[in-house]
Amino acid sequence: MAMLALDDQHLDHDLATIRIKNLRLRTYIGIKDDEIRNRQDVVINAVIRYRADKALAFNHIEQALNYRTITKQVIAHVEDNRFQLLERMTREVLDLIMSFEQVLTAQVEIDKPHALRFADSVSITLSDSREPRRSN
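Residues numbered from 1 in each chain as written. Predicted model: local features only at pLDDT ≥ 70, side-chain atom pairs only at ≥ 80, totals over all residues. Heavy atoms only, no water.

- An unreviewed UniProt entry lists the chain under the name Dihydroneopterin triphosphate 2'-epimerase, from Halomonas elongata.
- Regarding the chain, the UniProt comment filed under Catalytic activity (unreviewed entry) reads as follows: "7,8-dihydroneopterin 3'-triphosphate = 7,8-dihydromonapterin 3'-triphosphate".
- As recorded by UniProt, the Sequence similarities (unreviewed entry) comment attached to the chain reads in full: "Belongs to the DHNA family." (UniProt positions renumbered as here; feature names shortened; annotations may be inferred.)

Shown next, in the form of structure tokens:
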């Protein structure tokens, strides 16, 4: 379940990349009766980028983006809610991460293991950015 880094062609030395890898949770996801009645496994991966210049300069947690706080909120949101669509769950997790003011860009991939008979999983990936999109 590898995720590509977001726009690495213009690396900025003060940009930090946080990767949350294989966060395994259980929630209600799906539209079939058994999916509505029973929790299922989901696996969440996130890539979060933020400007870390103050954290680098001062070496204090208050200056950094606290990935533990973000992860706790993701866990609570996913485990305490019900979702019909993987797309909706992915969007809500992405929106939660983007609600942290320091986050510049984020990408979230959520896998639903064993959703298809002959596949390990099905996943949805969404990304967002505070930076304006470049027009070609």
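There is more to say after this.
### Examining the overall build of the chain
Turning to step 1, where the next piece is worked out: The number of helices and strands found in the chain is four helices and five strands.
Turning to step 2, where the next piece is worked out: Starting at the N terminus and walking to the C terminus, you meet the elements of the chain as β-α-β-α-α-β-α-β-β.
Turning to step 3, where the next piece is worked out: Sequence separation of 24 or more characterises 64% of the internal contacts of the chain that already satisfy a separation of 6 or more.
Turning to step 4, where the next piece is worked out: Looking at the chain as shown, the accessible area adds up to about 9100 Å², and 48% of this sits on carbon and sulfur atoms. (Helix = DSSP H or I, 4+ residues; strand = E, 2+ residues; numbered from the N terminus. Contact = heavy atoms within 4.5 Å. Areas by Shrake-Rupley, 256 points an atom, 1.4 Å probe, with all protein chains shown as cover.)

### Notes on the packing of helix α3 (residues 67-79) against helix α4 (residues 86-98)
Helix packing geometry: the angle between the two helix axes and the distance between the axes.
Turning to step 1, where the next piece is worked out: In the contact formed by α3 and α4, the axes pass within 10 Å of each other and the chain directions differ by 150°. Taken together, the axes of α3 and α4 are roughly antiparallel relative to one another. Every pair of crossing elements has a handedness; the one defined by α3 and α4 is right-handed. Along the contact surface, α3 presents Ile70, Gln73, Val74, His77 and Val78, while α4 presents Met89, Glu92, Val93, Leu96 and Ile97.
Turning to step 2, where the next piece is worked out: For the contact of α3 with α4, the per-class residue count stands at seven nonpolar, two polar and one charged. (Axes fitted to C-alpha atoms, helices over the stretch in contact; angles between N-to-C directions. Parallel < 35°, antiparallel > 145°, perpendicular 65-115°, else oblique. Left-handed = near helix turned anticlockwise from the far one by under 90°. Nonpolar A, V, L, I, M, F, W, Y, C, P; charged D, E, K, R; others polar.)

### Digging into the packing of aromatic side chains
Turning to step 1, where the next piece is worked out: Within the structure shown, the criterion is met by zero aromatic pairs.
Turning to step 2, where the next piece is worked out: Sitting over the face of the ring of Tyr28, Arg82 holds its NZ or CZ atom 3.7 Å from the ring centroid. (Phe/Tyr/Trp six-rings, centres within 6.5 Å; stacked < 30°, edge-to-face > 60°. Lys NZ or Arg CZ within 6 Å of the ring centre and 35° of its normal.)

### A few points about the pairing of strand β4 (residues 103-113)
A regular strand places its side chains on the two faces of the sheet in alternate fashion.
Turning to step 1, where the next piece is worked out: Burial within β4 is extensive, with eleven of its eleven residues counted as buried.
Turning to step 2, where the next piece is worked out: The pairing of strand β2 (residues 40-51) with β4 spans eight bridges and is antiparallel. In the sheet register, Asn45 faces β4, and the bridge partner there is Glu109. (Buried < 20%, exposed > 50% of the residue type's maximum accessible area, 1.4 Å probe, protein only. Pairing = 2+ DSSP bridges.)

### Here's the deal with the pattern of salt bridges
Turning to step 1, where the next piece is worked out: Considering all chains together, one arrives at five salt bridges under this definition.
Turning to step 2, where the next piece is worked out: Linking Asp41 and Arg26 is a salt bridge whose minimum nitrogen-to-oxygen distance equals 2.5 Å. In this pair, Asp41 is assigned in strand β2 and Arg26 in strand β1 (residues 15-29), connecting sequence segments 15 residues apart.
Turning to step 3, where the next piece is worked out: A salt bridge links Arg88 to Glu92; the nearest nitrogen and oxygen atoms lie 2.6 Å apart. (Salt bridge = Lys/Arg side-chain N within 4 Å of Asp/Glu carboxyl O.)

### Notes on the environment of Leu94
Turning to step 1, where the next piece is worked out: With respect to the secondary-structure elements, Leu94 resides in helix α4.
Turning to step 2, where the next piece is worked out: Assessed through its relative accessible area of 0%, Leu94 is described here as buried.
Turning to step 3, where the next piece is worked out: Distance from Leu94 to Ser127, taken between C-alpha atoms, is 7.2 Å for residues 33 residues apart in sequence.
Turning to step 4, where the next piece is worked out: In contact with Leu94, not counting residues within four places along its chain, are Ala106, Gln107, Val108, Leu126, Ser127 and Asp128.

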